[in-house]
Amino acid sequence: MMSGSRAEEILIDRMKREFESETGRSIKIMMCNKWESMTNFTEKGNFYAIVKLVFDFTGWTWKDTYLPSVYKTPDGRIKTAVRNREKVFRRSVIDYIAVNNGVEFSYLGRETGRINHTTVLHSVKQFDIDLEHDYYTQKTFKEILTYVKENYSDHKDRSTLKQEVIEGDSVT
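Reading the values: rules and limits
Residues numbered from 1 in each chain as written. Predicted model: local features only at pLDDT ≥ 70, side-chain atom pairs only at ≥ 80, totals over all residues. Heavy atoms only, no water. Helix = DSSP H or I, 4+ residues; strand = E, 2+ residues; numbered from the N terminus. Buried < 20%, exposed > 50% of the residue type's maximum accessible area, 1.4 Å probe, protein only. Contact = heavy atoms within 4.5 Å. Areas by Shrake-Rupley, 256 points an atom, 1.4 Å probe, with all protein chains shown as cover. Lys, Arg positive; Asp, Glu negative; His and termini not counted. Charge placed at Lys NZ, Arg CZ, Asp CG, Glu CD. Core = buried A, V, L, I, M, F, W, Y, C linked by side-chain atoms within 4.5 Å. Salt bridge = Lys/Arg side-chain N within 4 Å of Asp/Glu carboxyl O. Expected span 1.5 Å × (residues − 1). Arc of directions from axis to C-beta. Axes fitted to C-alpha atoms, helices over the stretch in contact; angles between N-to-C directions. Parallel < 35°, antiparallel > 145°, perpendicular 65-115°, else oblique. Nonpolar A, V, L, I, M, F, W, Y, C, P; charged D, E, K, R; others polar. Polar contact = N/O pair within 3.5 Å; in protein donor to acceptor, adjacent residues only side chain to side chain.

Undergrad: With reference to specific residues and values, describe the overall build of the chain.
TA: Looking only at helices and strands, the chain has nine helices and two strands in total. For the chain, the N- to C-terminal ordering of α and β elements is α-α-α-α-β-β-α-α-α-α-α. Considered along the principal axes of its C-alpha atoms, the chain spans approximately 70 × 40 × 30 Å. Within the chain, the fraction of its 172 residues that count as buried is 34%. Put simply, 62% of the contacts in the chain that link residues at least 6 apart link residues at least 24 apart. With an accessible surface of roughly 11,200 Å², the chain has 51% of that area assigned to carbon and sulfur atoms. In the chain, which carries 27 positive and 26 negative side-chain charges, the distance between the mean positions of the two groups comes to 5 Å.

Shown next as structure tokens:
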């Protein structure tokens, strides 16, 4: 009996050959998990359209998702935090959708004020693990993703998206 991965490789190879035989063109097929497949829009994603739709559905804001929280410690010192569980979850949802639709890690890092692309890479990898094992994450992600996919084409080409997302305004 053939191992699953070897059988999958043979199937993919056969699909590539058949496609090339019928069309005269090559095709690239890559393995992905069910979440990556569900997330894909089949076109390169517009980061700010994704963010806008996630925010519209959830009520989240740029400030509450990407900017540090400022708080006072009991001894009176002012501190900032960007790593609370809720903010990490919010960024991870957006990162996962964006990356699985062709938005580059380095672009996400720059646009969201994170140190570099590896922070985004870690976010996506961890979220992938959470999706495989946590029912709440799966349920919440499916609801958000459904809304984003249903409304994406209406937002992807809007020129005011970045301003709307960051300022939280309904700029038209």
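That shown, we press on.
Undergrad: Give me the lowdown on the nonpolar core, citing residues and values where you can.
TA: By size, the foremost hydrophobic cluster in this structure holds 33 residues, and its most contacted members are F47, V54, F55, W62, V93, I97 and F141. Secondary structure elements with two or more residues in this core: α3 (47-58), α4 (62-66), α5 (85-99), α7 (117-133), α8 (135-155) and α9 (161-167). Ranked by the residues each element gives to this core, the list is headed by α3, at eight residues. Once you skip the residues sitting within four places of it in the chain, W62 turns out to touch F47, Y48, V51, F55, L67, E111, T112, V165 and I166.

Undergrad: I'd like to hear about the pattern of salt bridges, residue by residue, with values.
TA: Per the counting criterion, the structure on display carries 11 salt bridges. Where K52 meets D56, a salt bridge forms, and the shortest distance between an N and an O atom there is 3.0 Å. One end of the pair is K52 and the other is D56, both in helix α3 and four residues apart, which spans about a single turn. The network of salt bridges with shared partners includes K52, D56, R158 and E164.

Undergrad: Give a description of α7 that names residues and reports values.
TA: In a regular helix each residue adds 1.5 Å, so 17 residues correspond to 24 Å; α7 covers 25 Å between its end C-alpha atoms and thus fits that length. Residues of α7 that are buried: V120, S123, V124, F127 and L131. End-on view of α7: buried residues confined to an arc of 95°, all on one side of the axis. Residues H122, K125 and H133 are exposed on α7 and point more than 90 degrees away from its buried face. Against the buried residues of α7 lie α2 (34-39), α5, α6 (105-111) and α8.

Undergrad: Describe the packing of α5 against α7, with residues and values.
TA: Interhelical geometry of α5 versus α7 gives an angle of 95° and a closest axis separation of 9 Å. On the basis of the axis angle, α5 is roughly perpendicular to α7. For the pair α5 and α7, the contacting residues are F89, R91, S92, V93, D95, Y96 and V99 in the first and V120, S123, V124, F127, D128 and L131 in the second. For the contact of α5 with α7, a count of residues per class yields eight nonpolar, two polar and three charged.

Undergrad: Outline the environment of N46, listing residues and values.
TA: Structurally, N46 is set in the loop between α2 and α3. Spatially, the C-alpha atoms of N46 and Y152 are 9.0 Å apart, while their sequence positions differ by 106 residues. Once residues lying within four places of it in the same chain are set aside, the contact partners of N46 are Y152, K156 and L161. A polar side-chain atom of N46 sits 2.7 Å from the main-chain carbonyl oxygen of K156.

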